[in-house]
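# Overview (structure and organization)
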Amino acid sequence: GRLAMSVQLQHYRGSMLGQTLEDALNELRDQKKIEDTGKEMVLMSYDQVTNEALAGEGILAKPENANLAEWYSRTKVTFKGHLHMFRGVDNVWTLLLTQGVGKDKEGNAVNEPVSVKIEPGNASLQLDALKIVAMQKQA
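Cut-offs applied
Residues numbered from 1 in each chain as written. Predicted model: local features only at pLDDT ≥ 70, side-chain atom pairs only at ≥ 80, totals over all residues. Heavy atoms only, no water. Pairing = 2+ DSSP bridges. Helix = DSSP H or I, 4+ residues; strand = E, 2+ residues; numbered from the N terminus. Axes fitted to C-alpha atoms, helices over the stretch in contact; angles between N-to-C directions.

With that settled, the discussion passes to the sheet that holds strand E1 (residues 76-80). Strand order in this open sheet of 3 strands is E1-E6-E7, and the pairing throughout is antiparallel. Only two strands of the sheet have a single partner each, and these edge strands are E1 and strand E7 (123-127). Taken over all neighbouring pairs, the strand axes of this sheet differ in orientation by 10° on average, direction set aside.

Here it is as structure tokens:
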């Protein structure tokens, strides 16, 4: 019902941007520059705007973002790592990839970092861990 929708709308508060916004709002509240109700109003606006921007075609549907839409349509992202945890609850899926154990040329066990590769191009990342949170698109 309404509570489940409210929680789903808050999905992006866990992002770096969402956490930074919440930290700034907490600081303003602690300095008595805003009340809790003001903080919640800002967070609810953030939830709504973020979800609308990323829903469906979102920003890709806007004509001024044609270059972004073209990049998105031809870009492939590949993740490689040990699937440490997978959880799906209420149409929200969480995957945690961690370092895997492989073997070097001599057969010795070695830690293999999580790798992220973006194609076309040669952009890649090597990470200790990667958490992916995905949400089913609402009809």
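Following the structure, the description resumes.
The pairing of E1 with strand E6 (residues 114-119) spans 5 bridges and is classified as antiparallel. Paired with Phe79 across the bridge in E6 is Val116. Strand direction decides the pairing type here: E6 and E7, joined by 5 bridges, are antiparallel. Residue pairing in the sheet places Ser115 in a bridge with Gln126 of E7.

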